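Chain residues, written in single-letter form:
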Amino acid sequence: MLTTSERIAFVLIALASLLLTAHGVSRIVRAIARGQGRPTWGLFFRRVIPVSLDILLQRPIFRTRPLVSALHAGVFFAFVFYGLVNILDLAEGFTGFSTLHRGGIAALYNLIADLLSVAALVGMVGLLVRRFGLRPFRFNERVFLLPSVRFGISRDSAIVGGFILLHVGSRWVGQAVRIAESERADWSQPTASLVAALFHGWSEAALTTASHVTWWLALGLILAFLPYFPYSKHIHLFMAPLNLILREERPLGQLEPPTSSNGALGAERLEQLRWYQLLDGYACIMCNRCQDVCPAHGTGRALSPAALEINKRYYLNRNLGAFAGGATSPPLLEIATTKEAVWSCTTCAACVRICPVGNRPMLDLIDIRRALVNQGDPLDPNLQAALESLARYGNSFGKPARQRARWTKELPFPIKDARKEPVEYLWFVGDFASFDPRMQENTKIVAQLFHAAELDFGILYEDERNTGNDVRRVGEEGLFEMLVEQNLAALEKAQFRAIVTTDPHSYNALRNEYPAYGFQVPVYHYTELLADLLERGRLRVQQPLTAAVTYHDPCYLGRYNRITAAPRRILHALGLELREMPRHGENTYCCGAGGGRIWMDSGGQERPSEQRIREAVALGEDLRYFVVACPKDMAMYSDAVKTTGYEAQLTVIDVARLVAMAVGINGLERESISVTTEAP
Ligand code: SF4
Ligand code: SF4
């Protein structure tokens, strides 16, 4: 079909294009390789098939936004099939071979190509209308964006969108031209045959010219686009699967130790991030799903996990030659994010869970915190005081260790000292449950329930320390290790089969962080034990509760550790009507306390917990209880229900208290009667 001079031109342009593209790709690979650590290539062979299947079925994309995901799927499926289409079109241009009007497998190929062309065009138009017409991608004005990002996001989307429309559209119209040239419809290309009607009456010369022009627009455009490809968001087509295939196999709740370069801990600069954190920037599709679920951004703070990834890529693209060549990059706090944003993160991991390409912006924020802490950068005064208390007393309340188990003195029975006698369950009570006067009542109720169920349990008394879960996420690695050592020394003295914790943060540390230090025992959350005790009849419901309630999944329980069923089994066993908030289970919304935020000043800004209370209130005026299963949640939501003015309407209550009301512990059965008979 092509003339000889066209063929020569195509080959020469293709060579130049491929050389330029290879140059860009090699610079990106060298830039990513400057990150710390190296991929485990063994993962590639183990994961390539399951991850490819996931991607082919578009599973990560369809987790949210079904309509947008369907539009994207149209473009994606066409892209995959167009690999074959482009090869056959190339062959047609060079040899004259054509699948037009052929039967059998060629007809099937034509039909798929025809339908997918339309799917890609519809999908791309829909996505462009959304991006430029509806403009859903807005960062709040406090979010740091590189100047090149402000303009670059729209430009990149327009170029990529325009390329797909022109490439696929030209090929589709080109097929219509060839059908018109053949003077009869091709039933295997129904939509192109319809378009062919537009060319009826065109002269043979005009149709030949149109055929050449559309061929060049479809395939020549690829050559023009290829050198730009590594710098565009289109590179996610390769980087996203790589990111998903090579992501390290560690639980979400277990952090890697900080990177160390030239004696500095954590990441002050791009090259101090790990290789996969640099890859994240290139895998990002700028969908802003992470920002949509981020409680810090949602409450107007300066943090956007999406902006962090996008800034990283734009900085790298603009300075790729120098960075790939080994130049020192500016501090991340000048090119990627701000200190305010870094300290706004609650480490809720919502951004990590939602990202369709496997990015982990939260880890960058923790690594930057590690560098700041290591450099002795001034901290929020409340956080500083909490860390000092933790270093001195092993708790953030600044209380002597001997006061940790003071609450046990108010119980009508003794609690075993697990350091002195063997127990089946070692109850790791946690700081808030031990020291906060607002929580101690609840802690005593949990003890009474365990006692009533004849559970063989004990505690570590003054030897228990904060597990360090949030200390580590603040970036204070040295203090974290000190707390781990102290706890391990205490745990070594005790004999027990399993651990039960009240606090999801302690649960996470004991289950996911401590195994790296050689500590491996079964760990349960108290809701798991209570659900089990109720179902096995060791706790019997005397008075079913009939109120309408909602349950808040703590991030470190529901999202990090996927414990979502046990608390709901309890509510069901008590007879309560559970109304789910829109964000629940693994998609829960953060209360705002994690990652050390509970120790920091909110600066008078709205808190995520206040938004959450409004979300609960929207479930109905008759909703009586906001049920929690975390002492920190109890603290956060007890405050939020007051500051939002819903204290009279909605009661924040721990799930253990509801169990005690239903089974009749310590006079709480009277409360249960009021639940069933009195209006809130
Ligand atoms: S971990 Fe949570 S708070 Fe931190 S960036 Fe991600 S979504 Fe935002
Ligand atoms: S980090 Fe992930 S979720 Fe966030 S914008 Fe990029 S691709 Fe989307």
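This text goes with the structure placed above it.
We now turn to the structure provided with this report.

About the criteria used
Residues numbered from 1 in each chain as written. Chains lettered and ligands numbered in written order. Predicted model: local features only at pLDDT ≥ 70, side-chain atom pairs only at ≥ 80, totals over all residues. Heavy atoms only, no water. Helix = DSSP H or I, 4+ residues; strand = E, 2+ residues; numbered from the N terminus. Buried < 20%, exposed > 50% of the residue type's maximum accessible area, 1.4 Å probe, protein only. Contact = heavy atoms within 4.5 Å. Areas by Shrake-Rupley, 256 points an atom, 1.4 Å probe, with all protein chains shown as cover. Lys, Arg positive; Asp, Glu negative; His and termini not counted. Charge placed at Lys NZ, Arg CZ, Asp CG, Glu CD. Salt bridge = Lys/Arg side-chain N within 4 Å of Asp/Glu carboxyl O. Polar contact = N/O pair within 3.5 Å; in protein donor to acceptor, adjacent residues only side chain to side chain. 1 Å grid on protein atoms, 1.4 Å probe; cavity = no way out; pocket = protein on both sides within 12 Å on 5 of 7 lines; lining within 4 Å. Points joined across faces, edges and corners; volume = space filled by probe spheres on them. Nonpolar A, V, L, I, M, F, W, Y, C, P; charged D, E, K, R; others polar. Pairing = 2+ DSSP bridges. Axes fitted to C-alpha atoms, helices over the stretch in contact; angles between N-to-C directions.

## Description of the overall build of the chain
When its secondary structure is counted, the chain shows 30 helices and 11 strands. Projecting the C-alpha coordinates of the chain onto the three principal axes gives extents of approximately 100 × 60 × 45 Å. By residue count, 59% of the 680 residues in the chain fall in the buried class. Restricting to contacts in the chain with at least 6 residues of sequence separation, those with at least 24 account for 81%. Here the chain has roughly 27,400 Å² of accessible surface; of this, 59% comes from carbon and sulfur atoms. Charged side chains in the chain number 71 positive and 66 negative. The centres of these two groups are separated by 3 Å.

## Focus on the pattern of salt bridges
Counted under the stated rule, the structure contains 47 salt bridges. For Asp-89, the salt bridge is made with Arg-171, and the minimal N-O distance between the two is 2.8 Å. A residue pair is termed long-range when its members are at least 10 positions apart, and Asp-89 in helix H3 (residues 66-95) and Arg-171 in helix H5 (residues 147-182) qualify at 82 residues. Under the relative-accessibility criterion, Arg-171 is labelled buried at 5%. Of the charged contacts, one joins Asp-417 and Arg-419 as a salt bridge, the two residues approaching to 2.7 Å between their closest N and O atoms. Accessibility assignment for this pair places Asp-417 and Arg-419 in one class, buried. Among the charged side chains, a network of salt bridges with common partners joins Arg-250, Glu-256, Arg-274, Asp-367, Arg-370, Arg-472, Arg-473, Glu-477 and Glu-513.

## Some details on unusual backbone geometry
Residues other than glycine seldom take positive phi values, yet Gln-58 does so here, at roughly 60 degrees. Judged by relative accessible area, which is 3%, Gln-58 ranks as buried. Its identity as a non-glycine residue notwithstanding, Glu-183 has a phi of 65 degrees, on the positive side. Examined against the element boundaries, Glu-183 turns out to sit in the loop between H5 and helix H6 (190-196).

## Quick notes on the environment of Glu-268
Within the element layout of this structure, Glu-268 appears in the loop between strand E2 (264-265) and helix H9 (275-283). Put simply, Glu-268 and Ile-164 are 104 residues apart on the chain and 38 Å apart in space, counted from C-alpha to C-alpha. A distance of 3.4 Å separates polar atoms of two side chains, one belonging to Glu-268 and the other to Gln-375.

## Quick look at the layout of surface pockets
Its volume calculated, the second largest pocket comes out at about 780 Å³. If you trace the second largest pocket, you find 37 residues lining it, with Arg-247, Leu-252, Val-352, Arg-353 and Arg-562 closest to the centre. Breaking the lining of the second largest pocket down by element, the ones donating at least two residues are helix H2 (41-56), H9, helix H16 (350-354) and helix H17 (361-375). Per element, the largest residue contribution to the lining of the second largest pocket is five residues, and it comes from H2. Partitioning the lining of the second largest pocket into residue classes produces 16 nonpolar, six polar and 15 charged.

## So, the sheet that holds strand E11 (residues 651-654)
The sheet built from four strands is open, its strands ordered E9-E8-E10-E11 with parallel pairing. Each end of this open sheet is capped by a strand with a single partner; those strands are strand E9 (577-578) and E11. Pairing of strand E8 (residues 548-551) with strand E10 (residues 623-628), which is carried by four bridges, proceeds in the parallel orientation. Within E10, the position partnered with Val-549 by the bridge is Tyr-625. Where helix H28 (residues 631-643) meets the sheet, it contacts E10 and E11, and its direction lies at approximately 170 degrees from that of E11.

## Re the environment of Ala-516
Among the structural elements, Ala-516 can be located in the loop between helix H23 (504-513) and strand E7 (523-525). Since its relative accessible area comes to 58%, Ala-516 is described here as exposed. For the pair formed by Ala-516 and Arg-597, sequence separation is 81 residues and the distance between their alpha carbons is 25 Å.

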